[in-house]
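Fold and geometry: a report
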Amino acid sequence: MEPNVARRCHVLFGVSLLLLTIGVGYCVIVGTCLADFAVVVAGLFVGWVALFYCVGNATIWG
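Now for a description of the structure that goes with this document. Quick caveat: nothing in here was measured; it's all calculated off a predicted structure.

Before going further, it helps to spend a moment on the overall build of the protein. Across its full length, the protein holds 2 helices and 0 strands. Counting contacts in the protein only where the partners sit at least 6 residues apart, residues at least 24 apart contribute 61% of the total. Just so you have it, the protein exposes about 4,500 Å², and 77% of that area is on carbon and sulfur atoms.

Quick look at the structure:
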């Protein structure tokens, strides 16, 4: 995998984990889950985009 692609993969997965941590953490600490539902959905979306982007640019495809 090229260095630029690897860096983008790390950033995308990092943003995804950050969004999920904020969303789930807010739900656990504050107790209201409806307000942060969009943050959790955004984290899942970014995670799936990161997964497809990284797998699509992997060196195993030739």
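Scanning the entire structure with this criterion turns up 1 aromatic pair. Taken together, a centroid distance of 5.7 Å and an interplanar angle of 35 degrees make the contact between W48 and F52 tilted. Of the two residues, W48 and F52 are both situated in helix 2 (residues 37–56); the distance of 4 residues between them amounts to about one turn of the helix. Taking the relative accessible area as the measure of exposure, F52 reaches 58% and is therefore exposed.

The rules we used
- Residues numbered from 1 in each chain as written.
- Predicted model: local features only at pLDDT ≥ 70, side-chain atom pairs only at ≥ 80, totals over all residues.
- Heavy atoms only, no water.
- Helix = DSSP H or I, 4+ residues; strand = E, 2+ residues; numbered from the N terminus.
- Contact = heavy atoms within 4.5 Å.
- Areas by Shrake-Rupley, 256 points an atom, 1.4 Å probe, with all protein chains shown as cover.
- Phe/Tyr/Trp six-rings, centres within 6.5 Å; stacked < 30°, edge-to-face > 60°.
- Buried < 20%, exposed > 50% of the residue type's maximum accessible area, 1.4 Å probe, protein only.

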